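# What the coordinates show
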Amino acid sequence: MALKEYAIPEARPLPVVLLLDVSGSMGVDGKIGSLNTAVKEMIETFKEQDDSQAEVHVGIITFGNSAQIHQEIIPVSEASWNDMQANGSTPMGASFDIARELIEDREKISGRAYRPTMVLISDGQPTDDWENPLSSLLNSERASKAFRFAMGIGTIDDVVLTRFLDDQENRVFNADEADQIKKFFRFVTMSVTSRVQSKSPDEPEIVKPDPDDFF
Amino acid sequence: MDNENTNNSIEYFGASVRGPSNKSKKKLKEDAWLGVKRSWGYLIVTCDGMGSKESARKGAKEACHAVRDAVQLWQAYDAPIEFLFNTIHLFWEYRIFPLDPNDCATTCLFAYLNNENEITTAQLGDGVCVIRDKNGNIDLLDGDDSEFTNNTTGLGIAKSIEQWRYSSLKTFVPGSAVLLATDGVSEDVEKSRLGDMTYDIVSEYKGMSPRKRWETLCYELRNWATPHHLDDKTITLLWAEPYVMENKI
């Protein structure tokens, strides 16, 4: 049979890119601990999906003191978890640049991937220039097509997070206590798993989980 | 006859199957293909109606016929290829009227071989056109890989004919082949292997009867090896006999 040996024997990827605030203030009131637990649970849940139509790939960008890649984007089956530490300022703008470079990189996220999901969590205002990097991210060819979620922790001003969502259907979620970080991640996890279980992962009519069920 | 087809050793065939996504939604296949032999040459067309559009199936089927009619008109004149693309858009909108073109959006790929053994391939939207010449050289047209899967342009979406891509080979001699495939196939095959895939399919299928070719290709497309594949899948091929084996690279 001529064709069998040519079809790529891997499911199409569904990328999930997390932009996580690990600045010093996240070390207060157990927030960083909740964030570590929530992300770890999300990865474990993705690993347990055995009826997926796509393979979830997870990449994690952190911003605290400096913005950096905490975990390269890899198939979730290969992901292992290293706890993040809270430290320093909030260079969110630099994290937008890293996210844009990652999503535009055809070697890391191929053209056969489904539309990515981007998740942003922060408990404070950016301490660097964020407007230009965010505009570049939202106007870039591929990142502009990503599904986006955002959570503000504490009494954060929602301006940046609202701009990040860029009129997408989702609202900015707010957490008054650390436990709500986990609930937010369960909601994001459910949203992603509903896509990977769907026969049309990129179509808008996918039944979405109701955020009120999680908060 | 001055305009008689003189390509007596040309063969073509194709097959199209419904993907698991449309099957689960109890929708009909939204890919379409057409192959014709006329006095003015040979033509194969492959179209992928966009799944999120309500009349995608009709859009794809009518696009195949619009290309046939447009090529027939175009080949009779010494007109630039832009004339052909404009005519395809015009004929397609005429055929789907009164439906909204956006509701019928479809990709469109075709290969036209004229009586001077010159082949023209063209593509609007994703999928792939592969020309493999008798020496194993590959000329590839493909979709915009800056996008993600299932995000593409097409008839009903493109605002100008500048989004068409095209290529030609002036010596479509024995041993040459062209393959058209919708994205259900092309996105699950490494680009670097498309030339070999073209060669292998022609080599394996050329000895079969037309019915056996169709049945076998349908079977292979239904049993696609990529896990959790979802899309409709279509492949069409056209080649010049004798298809010589020793040039595989």
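Residues numbered from 1 in each chain as written. Chains lettered and ligands numbered in written order. Predicted model: local features only at pLDDT ≥ 70, side-chain atom pairs only at ≥ 80, totals over all residues.

### Details of the overall build of chain A
Helix and strand counts for chain A come out as five helices and six strands. Shown N-terminal to C-terminal, the secondary structure of chain A runs as helices and strands in the order β-α-β-β-α-β-α-β-α-β-α. By the compact-globule yardstick of 17 Å for 215 residues, chain A fits well, its C-alpha radius of gyration being 17 Å. In chain A, which comprises 215 residues, the share counted as buried stands at 50%. Taking as baseline every contact in chain A between residues at least 6 positions apart, the subset at least 24 positions apart corresponds to 76%. (Helix = DSSP H or I, 4+ residues; strand = E, 2+ residues; numbered from the N terminus. Rg over C-alpha atoms; globule rule 2.2 N^0.38 Å. Buried ≥ 20, exposed ≤ 12 C-beta atoms within 10 Å, placed from the backbone. Contact = placed C-beta atoms within 7 Å.)

### What about the pairing of strand β6 (residues 128–132) of chain B?
All names here are of chain B. Where burial is concerned, most of β6 is hidden: five out of the five residues are buried. Residues of β6 alternate between two faces, with V128, V130 and R132 on one and C129 and I131 on the opposite face, all of them buried. In terms of strand pairing, β6 meets strand β7 (residues 138–142) through five bridges, oriented antiparallel. Bridge pairing in β7 links V128 to D142. The hairpin formed by β6 and β7 contains five residues between the paired strands, and G136 there has a positive phi angle of roughly 90°. Note: β6 against strand β9 (residues 177–181), five bridges, orientation antiparallel. The residue of β9 that forms the bridge with C129 is L180. (Pairing = 2+ DSSP bridges.)

### Topic: the confidence of the model for chain B
Taken over all residues, the pLDDT of chain B has a mean of 91, while the share at 70 or more is 91%. The least confident element of chain B is helix α1 (residues 20–24) of chain B, whose mean pLDDT is 88; the most confident is strand β4 (residues 108–113) of chain B, at 98. (pLDDT = per-residue confidence, 0-100.)

### Overview of the interface of chain A and chain B
Counting from both sides, the interface comprises 27 residues of chain A and, opposite them, 29 residues of chain B. The residue inventory of the side of chain A that touches chain B, partitioned by class, reads 11 nonpolar, four polar and 12 charged. (Nonpolar A, V, L, I, M, F, W, Y, C, P; charged D, E, K, R; others polar.)

### Some thoughts on the environment of S39 of chain B
Note on placement: S39 of chain B falls in the loop between β2 (31–38) and β3 (41–48). Placed 182 residues apart in sequence, S39 of chain B and L221 of chain B show a C-alpha to C-alpha distance of 32 Å.

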